[in-house]
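# Close look at the chain arrangement
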Amino acid sequence: MALLLRLQTRGLTNALRGSFRSSRGLSTAASAEDDLVLLERRDSGVAVLTLNRPKALNALSDGLMRALAEKLRQVDADSSLKAAVITGTGKAFAAGADIKEMHSREGYSDVRGENMLAHWNSVSNTRKPIVAAVGGFALGGGCELAMACDIIIASEDAKFGQPEIKLGTIPGVGGTQRLIRAVGKSKAMEWILTGEMISAQEAERAGLVSRVVPAGTVLEEAVKIAEKIASFSSPVVQLAKECVNAAEETSLAEGIRFERHLFHATWGLDDRREGFQAFSEKRQPTWKHR
Ligand SMILES: C/C=C/C(=O)SCCNC(=O)CCNC(=O)[C@H](O)C(C)(C)COP(=O)(O)OP(=O)(O)OC[C@H]1O[C@@H](n2cnc3c(N)ncnc32)[C@H](O)[C@@H]1OP(=O)(O)O
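Everything numeric in this text was worked out from a predicted model, so none of it was measured. (Residues numbered from 1 in each chain as written. Predicted model: local features only at pLDDT ≥ 70, side-chain atom pairs only at ≥ 80, totals over all residues. Heavy atoms only, no water.)

### Structural notes on the packing of helix α7 (residues 141–148) against helix α8 (residues 175–183)
- Running from N to C, α7 and α8 point in directions that differ by 55°, and their axes come no closer than 10 Å. On the basis of their axis angle, the class for α7 and α8 is oblique. Of the two possible hands of crossing, α7 and α8 adopt the one that is left-handed. Of the residues in α8, those in contact with E144, M147 and A148 of α7 are G175, R178 and L179.
- Of the residues assigned to the contact of α7 with α8, the class counts are three nonpolar, one polar and two charged. (Axes fitted to C-alpha atoms, helices over the stretch in contact; angles between N-to-C directions. Helix = DSSP H or I, 4+ residues; strand = E, 2+ residues; numbered from the N terminus. Parallel < 35°, antiparallel > 145°, perpendicular 65-115°, else oblique. Left-handed = near helix turned anticlockwise from the far one by under 90°. Contact = heavy atoms within 4.5 Å. Nonpolar A, V, L, I, M, F, W, Y, C, P; charged D, E, K, R; others polar.)

What follows is the structure in structure tokens.
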């Protein structure tokens, strides 16, 4: 059974009512910023991180993104956790960065001075794999957050898009760079330059999402995938993630060299030895995660 560590008391029931999952477990007190992202630890080694501003369609305020960064830091540091799922609540995964908060900033020197949105990098800097469970709106920064994860599972009612053009700005946390890599230039251009919403089905056809699942099951399906990943050797999973991500930033020849180094590096792990040994002995491996 899953062990649930809930880092809040207030708002839990409301947050999860009408969301993509049911609640189980215990609660402890937490700060207001903790309330913005709920961390649930499961016995399977999967952490479920729930974005929790349903009234604002999970608009990704600075506070929420700082809370998410802190929770992801905890996931990376906790050896009992092997993978994470990020999900939304109610009608949205996330309807973008917080427009009202950003509107309060005045001028280039303000936003340049504070390096607005720089802390969003924490998602792509997380070493353990992250599955995005997207139901409802994933727009602007919400779509970018999903793309910063490693795998996107979409509910059939999910809607993706980069509508920043309608606000007189452009994507600012990876949208122009990750979308083209996911779906190619023509579609990325069309989606970014028109700002139109994309259905889950079209997103799957284009290669943005890995799988579309029936409404109401997206968290469950994403957790199943994360649990499958968590059942393998954690350091090996992390090496595989690092290699796949390197492909987006290197030439083929350099990428293959990098892969060969990390492949050789698995020979330094007990788990590589155990995996090969278990195969020879026709049994399931027992991973030590080292
Ligand atoms: C670098 C990154 C940049 C960005 O991400 S820029 C933002 C990109 N995102 C968008 O432009 C989407 C903005 N939101 C919408 O267009 C609409 O919402 C939806 C189509 C997603 C949904 O429409 P509906 O179902 O009619 O809901 P509702 O009444 O508009 O929203 C409910 C409450 O949520 C607040 N909200 C929605 N999105 C944001 C947001 N991105 N930032 C701040 N607040 C947001 C609204 O204002 C409202 O709140 P209240 O009830 O107090 O008026």
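Now that the structure has been shown, the text picks up again.
### Describing the sheet that holds strand β12 (residues 211–213)
- Taken together, the six strands give an open sheet; going across it, the order is β3-β4-β5-β7-β9-β12, and neighbouring strands pair in mixed fashion. Looking along the sheet, the strands with just one partner apiece sit at the ends: β3 (37–41) and β12. The sheet shows a mean angle of 20° between the axes of neighbouring strands, taken without regard to direction.
- Relative to strand β4 (residues 46–51), β3 runs antiparallel, the two being bridged by five bridges. Paired with R41 across the bridge in β4 is A47. (Pairing = 2+ DSSP bridges.)

### Notes on the domain arrangement of the protein chain
- Domain annotation of the protein chain identifies domain 1 (2–230) and domain 2 (234–280).
- On the side of domain 2, six residues touch domain 1, which itself brings nine residues to the contact.
- Taking both sides of the interface into account, the surface hidden between domain 1 and domain 2 amounts to around 680 Å²; carbon and sulfur atoms contribute 47%.
- Three residues stand out in domain 1 for area buried against domain 2, namely R127, D150 and R181, and they jointly supply 50% of the buried area on that side.
- A salt bridge links K241 to D150, with the nearest nitrogen and oxygen atoms 2.8 Å apart.
- Taken together, the connections running from domain 1 to domain 2 amount to four residue pairs in polar contact (both at pLDDT 80 or more).
- Looking at the side of domain 1 that touches domain 2 residue by residue, the classes come out as three nonpolar, one polar and five charged. (Domains from an automatic or database assignment. Buried area = accessible area lost by both parts, 1.4 Å probe. Salt bridge = Lys/Arg side-chain N within 4 Å of Asp/Glu carboxyl O. Polar contact = N/O pair within 3.5 Å; in protein donor to acceptor, adjacent residues only side chain to side chain.)

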